[in-house]
Amino acid sequence: MIDWQYSESIESPDIVSIKKKYTNYIGGKFVEPKSKKYINTISPSTEELLSKVPLSNEKDINNAVNSAKEGFEVWSKLTPNQRSRYLFKIARLIQERSREFAVLESLDGGKPIKESRDFDLPQVAANFFYFAGWADKLDLSWATKSLKPYGVVGQIIPWNFPLLMLAWKIAPALATGNTVVLKPAETTPLTALLFAEICEQAGLPPGVVNIVTGDGSTGSLIVNHKDINKIAFTGSTQVGKLIQKSLAGRDVGLTLELGGKAANIVYEDAAIDQAVEGVVNGIFFNQGHVCCAGSRLLLQESIHDEFVKKLEKRMQSLRVGNPLDKNTDIGAINSKEQLDKITGLVNEGVEDGGELFQTECELPGNGFWFRPTLFTNVQPSYSIAREEIFGPVLTTLTFRTPEEAVEIANNTEYGLSAGVWTEKGSKILWTADRLDAGVVWANTFNKFDPSSPFGGYKESGFGREGGRHGLLSYLKASS
Amino acid sequence: MIDIKKTYKNYVDGKYVRSESGKTYTKELKNEFYELPLTSKKDIRDAVTSSKDGYKKWSSTTPYLRMQILYRLSEMIEGNKESYVELLMDHGLTKQKATKDIDESIQNIVWFAGLADKWEQLAGNLNPVSEEYFNISHQNPIGVVFSLSGSNISLNELLMSILPSLTVGCSVISYSEENSVLALKFAEDINNSDFPSGSLNILSGKFENILNDVSKHVEINLVAIHKDLNNGGLKAIEQNASESVKRVFSKPSIEGLSSILPYLETKTVWHPKGT
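Worth saying up front: this structure is predicted, and the values here are computed from it rather than measured.

Attention now moves to the overall build of chain A. Counting its regular elements, chain A contains 16 helices and 19 strands. Taken over the C-alpha trace, chain A has a radius of gyration of 22 Å; the compact-globule value for 479 residues is 23 Å, and the two agree within 12%. Projected onto its principal axes, the C-alpha coordinates of chain A cover approximately 65 × 50 × 35 Å. Counted over contacts in chain A with a minimum sequence separation of 6, partners at least 24 positions apart contribute 75%. For chain A, the accessible area works out to roughly 18,100 Å², and carbon and sulfur atoms hold 49% of it.

Another point: the interface of chain B and chain A. Listed by partner, the interface residues are 40 residues for chain B and 44 residues for chain A. Across the interface of chain B and chain A, roughly 3,200 Å² is buried in total on both sides, 54% from carbon and sulfur atoms. It is V245, K267 and W270 of chain B that lose the most area in chain B upon contact with chain A, and together they represent 21% of the buried surface on that side. Inspection of the chain B/chain A interface yields 2 salt bridges. At the level of elements, α5 (119-123), β6 (133-141), α10 (233-242) and β12 (264-272) of chain B are the ones that each hand at least two residues to the side of chain B that touches chain A. When residues of the side of chain B that touches chain A are assigned to their parent elements, the largest contribution, 8 residues, is made by β12 of chain B. In the side of chain B that touches chain A, the residues fall into 14 nonpolar, 17 polar and 9 charged.

What follows is about unusual backbone geometry. All names here are of chain A. Located in the positive-phi region is E47, a residue other than glycine, with phi close to 65 degrees. Following the sequence through the fold, E47 ends up in the loop between β3 (38-42) and β4 (49-54). By relative accessible area, E47 is classed as partly exposed at 39%.

In total, this model carries 0 disulfides over all chains according to the counting rule given. The closest cysteine sulfur to the non-disulfide-bonded C292 of chain A is located on C291 of chain A, 4.9 Å from its own sulfur.

As a further point, take the nonpolar core. Counting 163 residues, the largest nonpolar core has F128, F195 and F307 of chain A together with F186 of chain B as the members making the most contacts within it. When residues in this core are grouped by element, the largest group, 11 residues, is from helix α6 (residues 162-175) of chain A. In contact with F128 of chain A, not counting residues within four places along its chain, are L87, I90, A91, I94, L166, A167, I170, A171 and F195 of chain A. Residues Y267, F370, F399 and A432 of chain A belong to the second largest nonpolar core, which totals 30 residues.

Glancing now at the domain arrangement of chain A. Residue and element names in this part refer to chain A. Domain annotation of chain A identifies domain 1 (13-258 + 458-477) and domain 2 (263-442). Taking only C-alpha atoms, the centre of domain 1 and the centre of domain 2 are 30 Å apart. With 30 residues of domain 1 at the interface, the matching set in domain 2 holds 33 residues. Across the domain 1/domain 2 interface, buried area totals approximately 2,600 Å², and carbon plus sulfur atoms make up 57% of it. Among the ionic pairs, D436 bridges to K458, the shortest N-O distance being 3.8 Å. For the pair domain 1 and domain 2, the number of links is 16 residue pairs in polar contact (both at pLDDT 80 or more).

Let us now look at the pairing of strand β10 (residues 222-225) of chain B. In the case of a regular strand, side chains alternate between the two sheet surfaces. Residues and elements named next belong to chain B. The two faces of β10 match: L222 and A224 on one face and V223 and I225 on the other face are all buried. Pairing geometry for strand β7 (residues 144-148) and β10, over 4 bridges, is parallel. In the sheet register, L148 faces β10, and the bridge partner there is I225. Direction of pairing for β10 relative to strand β11 (residues 247-250): parallel, over a ladder of 4 bridges. Bridging from a neighbouring strand, L222 pairs with R247 of β11.

So, about the packing of aromatic side chains. Under the counting rule described, the total for this entry stands at 25 aromatic pairs over all chains. Here the aromatic rings of F161 of chain A and F285 of chain A are separated by 5.8 Å at their centres, their planes lie at 35 degrees, and the arrangement is tilted. One end of the pair, F161 of chain A, is in the loop between β6 (152-156) and α6; the other, F285 of chain A, is in the loop between α10 (272-284) and β12 (296-300), and 124 residues separate them in sequence. Of the two residues, F161 of chain A and F285 of chain A, both sit in the buried class. Ring centres of W58 of chain B and F195 of chain B lie 5.2 Å apart, and the angle between their planes is 45 degrees; on these two criteria the pair is classed as tilted. A residue pair is termed long-range when its members are at least 10 positions apart, and W58 of chain B in helix α1 (residues 41-59) and F195 of chain B in the loop between α8 (180-191) and β9 (200-204) qualify at 137 residues. Here W58 of chain B and F195 of chain B have matching classes, each one buried. Linked through ring pairs, F119, F161, W168, F285, W441, F445, F448 and F454 of chain A together constitute an aromatic cluster. One residue, K19 of chain A, lies across the ring of F30 of chain A, its end atom 5.7 Å from the ring centre. Taking the ring centre of F33 of chain B as reference, the NZ or CZ of K5 of chain B above it sits at 4.4 Å.

Turning next to the packing of helix α9 (residues 237-246) of chain A against α10 of chain B. Packed helix pairs are specified by the crossing angle of their axes together with the interaxial distance, meaning the distance between the axes. Contact pair α9 of chain A / α10 of chain B: the axes reach a minimum separation of 8 Å and the direction vectors enclose 175 degrees. Taken together, the axis directions place α9 of chain A and α10 of chain B in an arrangement best described as roughly antiparallel. Side by side, α9 of chain A and α10 of chain B meet where K241, Q244 and K245 of chain A of the first sit next to Q239, A241 and S242 of chain B of the second. Class assignment for the residues of the contact of α9 of chain A with α10 of chain B results in 1 nonpolar, 3 polar and 2 charged.

With that out of the way, let us pick up the sheet that holds strand β5 (residues 125-126) of chain B. Spatial ordering of the open sheet is given by β13(A)-β14(A)-β15(A)-β12(A)-β11(A)-β16(A)-β17(A)-β12(B)-β6(B)-β5(B), a layout of 10 strands whose pairing is mixed. Where the open sheet ends on each side, the last strands, each with one partner, are β13 (355-358) of chain A together with β5 of chain B. Most of the contacts of helix α12 (residues 336-352) of chain A go to strand β14 (residues 373-376) of chain A, to which it runs at about 25 degrees, and overall it touches β13, β14 and β15 (393-399) of chain A. Where helix α14 (residues 402-410) of chain A meets the sheet, its contacts fall on β11 (263-266), β12 and β15 of chain A, and the angle it forms with β15 of chain A comes to roughly 145 degrees.

This brings us to the pattern of salt bridges. Oppositely charged side chains may form a pair once their charged atoms are brought near each other. Across all of its chains, the model carries 36 salt bridges over all chains by this definition. Each of K19, R97, E100 and E197 of chain A takes part in a single network of salt bridges with overlapping partners.

As a further point, take the side chain of S45 of chain A. All names here are of chain A. Structurally, S45 is set in the loop between β3 and β4. A polar contact of 3.1 Å, which involves the side chain of S45, links it to the side chain of S43. If we ignore the near neighbours within four places in the chain, the residues touching S45 are P323, A332, N366, G367 and W369.

Here is what the cut-offs are and how they apply
Residues numbered from 1 in each chain as written. Chains lettered and ligands numbered in written order. Predicted model: local features only at pLDDT ≥ 70, side-chain atom pairs only at ≥ 80, totals over all residues. Heavy atoms only, no water. Helix = DSSP H or I, 4+ residues; strand = E, 2+ residues; numbered from the N terminus. Rg over C-alpha atoms; globule rule 2.2 N^0.38 Å. Contact = heavy atoms within 4.5 Å. Areas by Shrake-Rupley, 256 points an atom, 1.4 Å probe, with all protein chains shown as cover. Buried area = accessible area lost by both parts, 1.4 Å probe. Salt bridge = Lys/Arg side-chain N within 4 Å of Asp/Glu carboxyl O. Nonpolar A, V, L, I, M, F, W, Y, C, P; charged D, E, K, R; others polar. Buried < 20%, exposed > 50% of the residue type's maximum accessible area, 1.4 Å probe, protein only. Disulfide = S-S within 2.5 Å. Core = buried A, V, L, I, M, F, W, Y, C linked by side-chain atoms within 4.5 Å. Domains from an automatic or database assignment. Polar contact = N/O pair within 3.5 Å; in protein donor to acceptor, adjacent residues only side chain to side chain. Pairing = 2+ DSSP bridges. Phe/Tyr/Trp six-rings, centres within 6.5 Å; stacked < 30°, edge-to-face > 60°. Lys NZ or Arg CZ within 6 Å of the ring centre and 35° of its normal. Axes fitted to C-alpha atoms, helices over the stretch in contact; angles between N-to-C directions. Parallel < 35°, antiparallel > 145°, perpendicular 65-115°, else oblique.

The structure is reproduced here in structure tokens:
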């Protein structure tokens, strides 16, 4: 028998030079925060300090919003074709510096380089390319002339896909003629600040894109600023509700991309091996830090035992470790706080009576890690079957009939995504029609494309990002 | 000889009902006065129960049939045109204005009737994703809509607060204050147009009495307000709505395609292509 030795393949971090300290990007300039306060950003895979970024205060937000207002005066007077060209240029520059961004994303956020390099960065560039082409075709996009840009848009994004969420927000906002104040997440601010350099390189007029860093308090200052015309938020349902409440009674647009607890339904007539692969991708992609993750596996009773056996075997082959190792499947959990949350919910699942399976693997000594985890023997009432865990934890439920599968799938306040696995076409369409979910993946999971609208039903939020429908999130209908 | 005066009641689940509270309020017109139902919290809950059921029936009605039922409504109103004109004149409108309002109403119903089997083609599309996948975005109606009508005495304005959401398959709870006599008269034509029960419920009363019940009710999916509210009414609605991420639209556009957009949820379905 051959003794296979594992040899790692580490992407060099040297391609990106990380500054000791970063500033905000306001009015086309890199400016020190008026607050004079900074927060640390660490690498979740080593807990080493990477850099410091501004903890922006009211004055900083004021400056950013004022700059975006001035930027709007310039941006809205350009021809649509000029706006289109800026976006094309940004897309190109991202492609050129894509390796640098990918390494920085993995360092700051903990995701495997395989994903930041092959998924996040190509998608970031693709989003700018896609919306670049809409900028001069807005009159053709929806059969109405009454759609106008909002003006200054405040954008608050999460830590799971830092640069991709930036692209999902900035590309359509700029294409529709708005200007933005964007705040990246507290734990993953670095790629957004590197993106500011791209804006500078592209020669984007000052004030069109403003990037300010900080924590929840900074986000709240943006939401409550009197001159903000629209807020676009991606994050937890809890914070989304607070934002919706803060905006009550104000003439400010709002789109919310919130949590999810997606059902991944596997019928007995599915192609089982493909389904196993899809289910693994559905929950373990990006450490399960995905709002649309297929976190509730719904198995038809007749295939439960066989499926779980194959799933556990496949899970065991997942490689957990250094995000910069090109072989790594599962990187670091984004923060200590998130790790604690996952651990807490998993413990609760065990106490409730769920049967726990975790893969056997060595975890690095430093950093935040969690083993790929599967729960079976779960009741729908357990919190692991109801709450968004946002980690590499899959919960299994069973059903007997398609009607029952749909009922269980929809029995949640969320409605972001869902998966259906069957080889029978009519059953796919029947099921997809009945699922309360903004995205339905049939015989696939976690596929994304800038042309494909994404967004939720019910408490998963409102508005769509991507596609022709995504334009509507940044255009105001006036009668 | 003594005149017989019509008693107007709420229209819920295909039936004419008094408010369970037994309360009414008076509406005095030029020649006539009416005692109208003062809708209570319980009435709203009953209406929502009916609307949930009505949503199932109405949204699963084929677009072809929805189109014909809406067209039938225009036939009903055309047939009762004179009585509408008379009622509007009793509200103080000139004959000319009243006639124009009814003509415009009929025109708009016909427009939306014809949209019932076309909006999915206008609001949905195939998405050209860059891998081998079939990817389509289409729409579901958002569900149960509560619509507060405007304060002008106009059948056309009342209709424009109902038709966009009704046409796409939502069930609607239409609530009127100032123009409630007109709204409850209109209920009779709804009743004669083959709409499934619960697809459109029509109620009258004082909105402030039920503002919290409506905006906190988790089974109302969207609240549309077609008039200016005093005393921070909109703020209160939006604060309550945030508890369940309920959609709230204040004076939504009633122009063309943009009129139906608030009432749609876009669903995108992916499937691989292969052999």
